[in-house]
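An overview of the molecular structure
Spelled out from the first residue to the last, the chains are:
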Amino acid sequence: MNNKPLLEYINKFISLTVEEENILLSKIVHRKYLKDQYIAQQGDICKSANFIISGCTKTFYMDKEGQEHIVMFSIEDWWASDLGSFITQTPADFNVQCLENTQLIQFTHDNLEELYKQVPKLERLFRKIVERAFIASQNRIIRNFSLSAKERYLIFKDTNPKIEQRVPQYMIASYLGVTKEFLSKIKSQIIQNQ
C-alpha cells in the first residue's frame, strides 16, 4: 500500500530522516475496511489510531434509545478513532464506521508508545494532532451553543465541501443536531436567498 500520503502529512509538522521514516514504517499496519464496517465500537477499547488513505468514516455515539449522534466525519489525510479510548485504553464512547470502502494506516497503542521512544519527535507530531482535535472539538461546542442551525450548516458546508458531497443528508443533519426535514428547509432558504 501507499505510505506517501502519511509521510507527506507528517512532513507538514516535523521532518524525519530516512532512518526515522524506516522505523516509523516498520510499526504501521495497512488495513482495508468495507463500507459499513466498524473500525471502533462503543464499549470496546479502541486499539488503533487510524490515518485515512482513502475513504470516508463517521464517528458517532449511539444513545440508549438507539438514536445516532454523529460527532465527526473523516476523509483522506484525516484521522479516525475514539481518541479518548485509544489514549487511555478504556472502553470507547464512540463508534467509528466506514461510509465507503476505506484504506487506513493504523498505529496500535503499543507500537505508538514504542515509536515515541525510538523517534521522540513523533511524540511532538501526535501532540500537535491531539491539540488540533481538541481545538476543533471546542470550536464545535461553541458553535452548537451560540449559532443557529443555518449558521452551523453554512460553516460545515464551507469548511467541508468534499464531505458534503460524499455523505447522505440525514447524516449531515445528525451532525448538525437537526432533523433531515429541517436541514432541507435550511437548504431551500439558502437557495431562495441567492
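The present account deals with the structure reproduced in this document. Keep in mind the model is a prediction, meaning the values are calculated, not measured.

Take the nonpolar core next. Among the nonpolar cores identified, the biggest contains 34 residues, and Leu6, Leu24, Trp79, Phe107, Leu122, Leu125 and Phe126 are the most heavily contacted of them. Of all hydrophobic cores here, the second largest spans 20 residues; its members include Ile75, Tyr153, Val167 and Val178.

Our focus in this paragraph is the pairing of strand β8 (residues 102-108). Counting buried residues in β8 gives five out of seven residues, a clear majority hidden from the surface. In this structure, strand β1 (residues 29-33) lies alongside β8, joined through five bridges in antiparallel fashion. Bridging across to β8, Tyr33 finds its partner in Thr102. Where strand β3 (residues 48-54) meets β8, six bridges bridge the pair, whose relative direction is antiparallel. Among the inter-strand pairings, Phe51 is bridged to a residue of β8, identified as Ile105.

The subject of this paragraph is the packing of helix α6 (residues 149-159) against helix α9 (residues 180-192). Helix-helix packing: each pair is described by the crossing angle between the helix axes and the interaxial distance. Interaxial distance between α6 and α9 falls to 10 Å at its minimum, and their mutual angle equals 75°. Here α6 lies roughly perpendicular to α9, going by the angle between them. On the side of α6, the interface is formed by Ala149, Lys150, Tyr153 and Leu154, while α9 contributes Phe182, Leu183, Ile186, Lys187, Gln189 and Ile190. Looking at the contact of α6 with α9 residue by residue, the class counts come to seven nonpolar, one polar and two charged.

This paragraph deals with the environment of Gln103. Note on placement: Gln103 falls in strand β8. A sequence separation of 50 residues divides Gln103 from Tyr153, and the C-alpha atoms of the two residues are 28 Å apart.

So, about the sheet that holds strand β4 (residues 57-62). Across the sheet, four strands lie side by side as β2-β7-β4-β5; this open sheet has antiparallel pairing. Each edge of the sheet is formed by a strand with only one pairing partner; in this case those strands are β2 (38-40) and β5 (68-74). In this sheet, adjacent strand axes meet at a mean angle of 30° when their direction is disregarded. Pairing of β4 with β5 involves six bridges; the strand directions are antiparallel. Among the inter-strand pairings, Met62 is bridged to a residue of β5, identified as Glu68. In the packing of helix α8 (residues 169-176) onto the sheet, the strands contacted are β4 and β5, and the crossing angle to β5 comes to about 105°.

Reading guide: rules and limits
Residues numbered from 1 in each chain as written. Predicted model: local features only at pLDDT ≥ 70, side-chain atom pairs only at ≥ 80, totals over all residues. Heavy atoms only, no water. Core = buried A, V, L, I, M, F, W, Y, C linked by side-chain atoms within 4.5 Å. Buried < 20%, exposed > 50% of the residue type's maximum accessible area, 1.4 Å probe, protein only. Helix = DSSP H or I, 4+ residues; strand = E, 2+ residues; numbered from the N terminus. Pairing = 2+ DSSP bridges. Axes fitted to C-alpha atoms, helices over the stretch in contact; angles between N-to-C directions. Parallel < 35°, antiparallel > 145°, perpendicular 65-115°, else oblique. Contact = heavy atoms within 4.5 Å. Nonpolar A, V, L, I, M, F, W, Y, C, P; charged D, E, K, R; others polar.

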